[in-house]
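Listed below are the residues making up each chain.
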Amino acid sequence: MTLDQTQIWIVIAGMAFGTFFIRWSFLGLLGDRELPQWALRHLRYTAVAILPGLIAPLILWPSGTGGEPDPARLLAAVAAFGMGMWRKSALWAIFSGLITLYAVQYLLG
Amino acid sequence: MTSEQTISKSAFWEGYRDCAPFILVAAPFGLMFGVAASELGLSLIQTMTMTVLVIAGAAQFTALILIEEHAPTLIILATALAVNLRMAMYSAALVPYLGKARGRTKLLLAYFNVDQTFGVASVRLPLETQWTVAQRSAYFIGGGLAITPFWIFSTYLGAAFGAAIPPEFSLDFAMPICFIAIIAPALRTLPHVLAAATSVFAALALSWIPFSLGLLIAAAIAMVVGAQAELWLERRKS
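Residues numbered from 1 in each chain as written. Chains lettered and ligands numbered in written order. Predicted model: local features only at pLDDT ≥ 70, side-chain atom pairs only at ≥ 80, totals over all residues.

(A) Quick look at the overall build of chain A. A count of helices and strands for chain A gives 5 helices and 0 strands. Put simply, chain A runs from its N terminus to its C terminus through helices and strands in the order α-α-α-α-α. The C-alpha extent of chain A, read off along each of the three principal axes, is 60 × 40 × 20 Å. When burial is assessed residue by residue, chain A has 43% of its 109 residues classed as buried. Restricting the contact set of chain A to residue pairs at least 6 apart, pairs at least 24 apart contribute 32%. (Helix = DSSP H or I, 4+ residues; strand = E, 2+ residues; numbered from the N terminus. Buried ≥ 20, exposed ≤ 12 C-beta atoms within 10 Å, placed from the backbone. Contact = placed C-beta atoms within 7 Å.)

Laid out in structure tokens, this is it:
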């Protein structure tokens with residue numbers, strides 16, 4: 001796939017400045033101003049509101065199989081999710097996901 | 001060396017030690033990001049520039065997915081930065097402890113204000129009531145210097161050698177697994193679970209909207225669901 005090089009560099013620069021500004025915002029600029037309760041209440045959910053919706057299509061219709069649902073990838077996702085939630089650990093999620101992926105692929109040939 | 005420098009030095013190493021276990025979490029994500037970026041076709045210099053300047057795995061993966069989907073630049077930036085908005089909350093929470101640091105020091109503190117350093121510091125700093133601002137800063141920067149070099153180096157390994165991994169290893173799926181690894185442990189409360197479920201269903205239902213804009217709308221709905229669920233639980237308790 002050919003990528004638009006200009007777009008990639010703009011994305012990198014924009015993310016670098018934007019992310020740094022977010023991290024610096026209150027510490028460097030806004031100081032001791034309290035964030036209002038309603039803002040905090042929504043900010044708490046930014047990551048869990050975006051990331052699941054972003055990956056759901058990648059799990060259901062993975063690019064590696066040309067968009068066909070794949071039992072190994074589905075089971076790997078379930079295993080990673082289950083272990084991640086149960087152990088509250090990212091490492092457990094990654095390892096159980098990868099092990100399930102390779103085990104099911106091996107068993108199904 | 002003055003005595004104050006000695007004290008700051010020991011706070012630095014305490015920060016380093018407290019954050020060191022999280023190298024184990026950061027390194028696999030860095031590795032996977034490097035692999036995913038090189039699979040997508042980013043050059044080594046692009047991958048490394050992003051990883052050094054952004055140091056935020058979830059947002060970096062988000063950008064990769066949206067670049068692959070040919071989303072417009074503005075949508076990619078808006079979505080990736082929305083993923084990082086939680087760090088504004090970190091920044092605000094650090095003000096009582098680090099707000100009095102010097103301007104230049106604060107630039108460094110902001111650079112290192114990532115999930116792990118903040119998580120560790122937000123537990124330790126409130127306990128150390130005797131620490132000076134210099135010690136608190138040293139502690140925070142120590143944590144950042146524990147994790148960041150490994151994050152950068154593991155990204156490099158993934159980007160430089162990921163292409164040599166054969167397709168049988170299904171590395172296209174490394175990215176979804178990484179995301180699951182970020183999301184699953186974060187589902188601590190019912191509102192988090194409801195927000196995540198809303199995100200999935202709304203994103204799938206709105207995927208017909210062009211320019212990957214459906215995801216941002218789904219995310220806004222999911223945030224409101226999370227916040228409202230939290231309010232509802234609070235009211236029920238009281």
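(B) Region of the structure containing the interface of chain B and chain A. Counting residues at the interface gives 77 residues for chain B, matched by 63 residues for chain A. Here the side of chain B that touches chain A is built from residues that sort into 58 nonpolar, 15 polar and 4 charged. (Nonpolar A, V, L, I, M, F, W, Y, C, P; charged D, E, K, R; others polar.)

(C) View of the nonpolar core. A:L51, A:A80 and B:C178 are the most contacted members of the largest nonpolar core, which has 119 residues in total. If one sorts the elements of this core by residue count, helix α3 (residues 46-60) of chain A sits on top with 10 residues. Look past the residues within four positions of B:C178 in its chain and what remains in contact with it is A:I94, B:F29, B:M32 and B:F61. (Core = buried A, V, L, I, M, F, W, Y, C linked by C-beta atoms within 7 Å.)

(D) Quick peek at unusual backbone geometry. All names here are of chain B. Even without being a glycine, I55 presents a positive backbone phi close to 30 degrees. Among the secondary structure elements, I55 is positioned in the loop between α3 (44-54) and α4 (57-68). Phi angles above zero are rare outside glycine, and H70 is one such case at about 60 degrees. The residue H70 is located in the loop between α4 and α5 (73-84) in this model.

(E) Spotlight on helix α6 (residues 86-98) of chain B. Residue and element names in this part refer to chain B. With 13 residues, α6 extends 18 Å between its outermost C-alpha atoms, agreeing within 8% with the 18 Å of an ideal straight helix rising 1.5 Å per residue. Among the 13 residues in α6, 10 count as buried, and that is most of the element. Within the sequence span of α6, burial applies to R86, M87, A88, M89, Y90, S91, A92, L94, Y97 and L98. (Expected span 1.5 Å × (residues − 1).)

(F) Representation of the domain arrangement of chain A. Domain assignment breaks chain A into domain 1 (1-33) and domain 2 (48-107). Computed over C-alpha atoms, the centres of domain 1 of chain A and domain 2 of chain A are 29 Å apart. (Domains from an automatic or database assignment.)

(G) Representation of the confidence of the model for chain A within the structure. Mean pLDDT over chain A works out to 89, with 98% of the residues at or above the 70 mark. Helix α1 (residues 5-30) of chain A holds the highest mean pLDDT among the elements of chain A, 94, whereas helix α2 (residues 37-43) of chain A holds the lowest, 86. (pLDDT = per-residue confidence, 0-100.)

(H) Expanded view of the domain arrangement of chain B. Residue and element names in this part refer to chain B. Partitioning chain B into structural domains gives domain 1 (3-186) and domain 2 (187-238). In this structure, domain 1 and domain 2 have C-alpha centres spaced 25 Å apart. The partner domain 2 presents 10 residues to the 11 residues of domain 1 that form the contact. Considering each element in turn, the side of domain 1 that touches domain 2 owes the most residues, 4 residues, to α5. Among the residues forming the side of domain 1 that touches domain 2, the class breakdown is 9 nonpolar, 1 polar and 1 charged.

(I) Structural view of the packing of helix α2 (residues 23-40) of chain B against helix α9 (residues 133-161) of chain B. All names here are of chain B. Running from N to C, α2 and α9 point in directions that differ by 30 degrees, and their axes come no closer than 7 Å. As summarised for this structure, α2 and α9 are arranged roughly parallel, according to the angle between their axes. Crossing hand, α2 versus α9: right-handed. Here I23, A26, A27, G30, L31, M32, F33, G34, V35, A37 and S38 of α2 come into contact with α9, specifically with A146, I147, F150, W151, S154, T155, Y156, L157, G158 and A159. Of the residues belonging to the contact of α2 with α9, the class tally is 15 nonpolar, 6 polar and no charged. (Axes fitted to C-alpha atoms, helices over the stretch in contact; angles between N-to-C directions. Parallel < 35°, antiparallel > 145°, perpendicular 65-115°, else oblique. Left-handed = near helix turned anticlockwise from the far one by under 90°.)

(J) Spotlight on the environment of A:R73. With respect to the secondary-structure elements, A:R73 resides in helix α4 (residues 71-87). Sequence separation of A:R73 and A:A16 is 57 residues, and the distance between their C-alpha atoms is 32 Å.

(K) Layout of the packing of α3(A) against α4(B). Two elements in contact, α3(A) and α4(B), have axes separated by 11 Å at closest approach and are oriented at 40 degrees. As judged from the angle between their axes, α3(A) and α4(B) are oblique. Every pair of crossing elements has a handedness; the one defined by α3(A) and α4(B) is left-handed. Counted together, A:A47, A:L51, A:L54 and A:L58 of α3(A) and B:A58, B:T62 and B:I65 of α4(B) form the full contact between these two elements.

(L) Structural context of the environment of A:T65. Residues and elements named next belong to chain A. Mapped onto the elements, T65 comes out in the loop between α3 and α4. The class for T65 is partly exposed, based on 14 C-beta atoms found within 10 Å. Separated by 43 residues in sequence, T65 and I22 have C-alpha atoms that sit 37 Å apart.

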